[in-house]
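Per-entry structural report
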Amino acid sequence: MIDLHSHTNESDGTFTPFELVELAVERGVEALAISDHDTFAGYDQALPEARSRGLDLVCGIELSTRVPGSKSRTVHLLAYFLRQPPPPEFRAWLDELIAGRRDRNQRLIASLQEKGVDIELPEVERLGRTLTGRPHFARVLIDKGYAPNFDEAFRRYLGETAPTYVERYAPYVAEGIRRVLDAGGLPVIAHPIRLGIHNLKAEDAFIRELRDAGLRGIEVFHSDHRPEDIERYGGIARKYGLLVTGGSDFHGEVKPQISLGTGYNGNLNIPISVLNDLRAAA
Ligand code: AMP
Ligand code: FE
Ligand code: FE
Ligand code: ZN
């Protein structure tokens, strides 16, 4: 069993890098990619433990990018570094993304306070490690009784359509792809189902555009994908010569329905050939 998409508490997961390695070994996961949002801190910390436990740990990351001409569409880009570790310039760019998040967080606090929400930045930042994201805000809002659960916290306060929503700096998807390629990584579109393009032709055309911009792979296997989605994205991968990847998108307790390696109610079974093909292409 392999899993090429997971998060630690260095971004918005709840497991420490050490605990995630332990869980992977316990569950019989042979190869695991840590793909935190905007940081390698989880991967860096997990590496010695993975080595000593015989777990094949893959260096990954997940970037939020935007699309020209669309205010609300975000494209999550996974990147895998299979040949060499990401270079310092790429890490410096990640620091800029994290700074953009910090700036957004300050404005988000102001926006919430303006609407009468009793919330201060330090209480949110206390939950984050390398970075503080909206899921950490959601946690505080839930604990203070402003929302009963994550979905409601996003609907009322944090999501793109909430009155208190504030944007953060995000690169265009083409820039993200180029930066990953320049850093020697493989850029892959994450959970394409979440693009929310219901028209099949439009979805196909959008992925082709990304391929033309340098995209190398598509996350065919994902906890959110139904069998027919896997079929469709597998077909698009073949048609456009894209690599196939897959992972659970494990976040720990914030998404308790998702299990490492096996996804949502066991809907994942990612062939080991996926990783072999990625390595061969890298
Ligand atoms: P940020 O990167 O700080 O803007 O936060 C984005 C993260 O918030 C995403 O990666 C998701 O994990 C989470 N998220 C976004 N929308 C929702 C939602 N409607 N419900 C729950 N979590 C969400
Ligand atoms: Fe996340
Ligand atoms: Fe994602
Ligand atoms: Zn993810």
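Up top you'll find the structure we're talking about.
Let us look at the structure shown here. (Residues numbered from 1 in each chain as written. Chains lettered and ligands numbered in written order. Predicted model: local features only at pLDDT ≥ 70, side-chain atom pairs only at ≥ 80, totals over all residues. Heavy atoms only, no water.)

Things to note about the site of ligand 1
Applied cut-off: If even one non-hydrogen atom of a residue comes within 4 Å of a molecule or strand, that residue is called near it. N or O atoms closer than or at 3.5 Å make up a polar contact, with two conditions inside protein: a donor-capable atom paired with an acceptor-capable one, and, for residues adjacent in sequence, both atoms drawn from side chains. Residue burial considers only the protein chains on display, and all accessible areas are found by Shrake-Rupley using a 1.4 Å probe. Under the scheme applied here, ten amino acids are nonpolar (Ala, Val, Leu, Ile, Met, Phe, Trp, Tyr, Cys and Pro), four are charged (Asp, Glu, Lys and Arg), and all others, including Gly, are polar.
Every residue close to ligand 1 is listed here: Asp12, His37, His76, Arg101, Arg104, Gly133, Arg134, Pro135, Asp151, Phe154, Arg168 and Lys255. At 2.7 Å, a side-chain N or O of arginine 134 approaches an oxygen atom of ligand 1. Here an oxygen atom of ligand 1 and a side-chain polar atom of arginine 168 are 3.1 Å apart. Alone, ligand 1 offers 500 Å² of accessible surface; in the complex the protein occludes 77% of this. When the residues that make up the shell around ligand 1 are grouped by side-chain class, the tally is two nonpolar, three polar and seven charged.

With respect to the packing of aromatic side chains
Applicable threshold: Only Phe, Tyr and Trp rings are paired, with Trp represented by its six-membered ring, and only when their centres lie within 6.5 Å; those with planes under 30 degrees apart are stacked, over 60 edge-to-face, the remainder tilted. Where helices and strands are cited, they refer to DSSP runs of H or I of at least four residues and of E of at least two residues respectively, numbered from the N terminus. Burial classification: accessible surface area is computed with a 1.4 Å probe over protein chains only, and a residue below 20% of its type maximum counts as buried, one above 50% as exposed, and the rest as partly exposed. In this analysis the charged atom, NZ for Lys or CZ for Arg, is taken to sit over a ring once it is within 6 Å of the ring centre and within 35 degrees of the ring normal.
What the rule picks out here adds up to six aromatic pairs. Aromatic side chains phenylalanine 15 and phenylalanine 250 sit 5.2 Å apart centroid to centroid with 70° between the ring planes, which places their arrangement in the edge-to-face category. Note that phenylalanine 15 is positioned in the loop between strand S1 (2-3) and helix H1 (17-27) and phenylalanine 250 in the loop between strand S7 (243-247) and strand S8 (258-259), a separation of 235 residues in sequence. A residue is classified by how much of its surface remains accessible, and phenylalanine 15, at 18% relative accessible area, is buried. Pairing tyrosine 146 with tyrosine 157 gives two aromatic rings, centres 6.1 Å apart and planes at 85°, and the pair type is edge-to-face. Of this pair, tyrosine 146 sits in the loop between helix H5 (134-143) and helix H6 (150-158) while tyrosine 157 is found in helix H6, placing the two residues eleven residues apart along the sequence. With a relative accessible area of 21%, tyrosine 146 lands in the partly exposed category. Here the guanidinium or amino end of arginine 232 rests over the ring plane of tyrosine 233, the centre of that ring lying 4.6 Å away.

Overview of the pairing of strand S5 (residues 186-189)
Under the convention used in this document: Strands were regarded as paired on the criterion that DSSP finds at least two bridges between them. Orient the strands so they point away from the viewer; a crossover is then right-handed if the path from the first strand over the helix to the second runs clockwise.
Of the two faces of S5, the one carrying Leu186 and Val188 and the one carrying Pro187 and Ile189 are both buried. Alignment of S5 against strand S6 (residues 217-222), held across two bridges, turns out to be parallel. Bridging from a neighbouring strand, valine 188 pairs with glycine 217 of S6. In terms of handedness, the path from S5 via helix H8 (residues 200-212) over to S6 forms a crossover that is right-handed.

Focus: the coordination of the zinc ion (ligand 4)
Applicable threshold: For Na, K and Ca the donor cutoff is 3.2 Å, while for all other metals N, O and S atoms must lie within 2.8 Å; water is not among the atoms, so some sites may look incomplete. Tetrahedral means four donors with every angle between 85 and 135 degrees, whereas square planar (four donors) and octahedral (six donors) require angles over 155 degrees between opposite donors and between 65 and 115 for all others; sites fitting neither are termed irregular.
Looking at the zinc ion (ligand 4), the protein donor atoms are His5 (NE2), His7 (NE2), Glu62 (OE) and Asp249 (OD), and they sit 2.1 to 2.2 Å from it. Coordination at the zinc ion (ligand 4) comes from four donor atoms whose angles at the metal span 80 to 174°, giving a geometry best classed as irregular. Between consecutive donor residues of the zinc ion (ligand 4), the sequence gaps follow H-x1-H-x54-E-x186-D. In this structure, the zinc ion (ligand 4) lies 4.5 Å away from the iron ion (ligand 2). Taken together, the residues histidine 7 in the loop between S1 and H1 and glutamate 62 in strand S3 (residues 56-66) connect sequence positions 55 residues apart. On the basis of relative accessible area, histidine 7 is assigned to the buried category, the value being 0%. When its relative accessible area of 2% is taken as the criterion, glutamate 62 is described as buried.

Comments concerning the sheet that holds S6
For clarity, the cut-off: Whether two residues are in contact is decided by their heavy atoms, any of which lying within 4.5 Å being enough. Axes here refer to lines fitted to C-alpha atoms; in helices the fit is confined to the stretch in contact. Angles between the N-to-C directions go from 0 to 180 degrees.
What the seven strands build is an open sheet, ordered S1-S2-S3-S4-S5-S6-S7; its pairing is mixed. In the strand order of this sheet, the two ends are held by S1 and S7, each with one partner. On top of the sheet, helix H3 (residues 88-114) reaches S3 and strand S4 (74-81); it is set at about 45° to S3, its chief contact. Helix-sheet contacts for helix H7 (residues 173-182) involve S3, S4 and S5, and the interaxial angle to S4 is about 5°.

Structural notes on the coordination of the iron ion (ligand 2)
Looking at the iron ion (ligand 2), the protein donor atoms are Asp12 (OD), His37 (NE2) and His251 (NE2), and they sit 2.1 to 2.2 Å from it. Between consecutive donor residues of the iron ion (ligand 2), the sequence gaps follow D-x24-H-x213-H. Taken as an interatomic distance, the gap from the iron ion (ligand 2) to the iron ion (ligand 3) is 5.5 Å. You can see aspartate 12 sitting in the loop between S1 and H1 and its partner histidine 37 sitting in the loop between strand S2 (31-34) and helix H2 (41-53), a full 25 residues away along the chain. Residue aspartate 12 shares its accessibility class with histidine 37, and that shared class is buried.

Description of the side chain of histidine 37
Here histidine 37 falls in the buried class, since its relative accessible area comes to 10%. Those residues in contact with histidine 37 that sit more than four places away from it in its chain are His7, Ser11, Asp12, Glu62, Arg101, Leu131 and His251.

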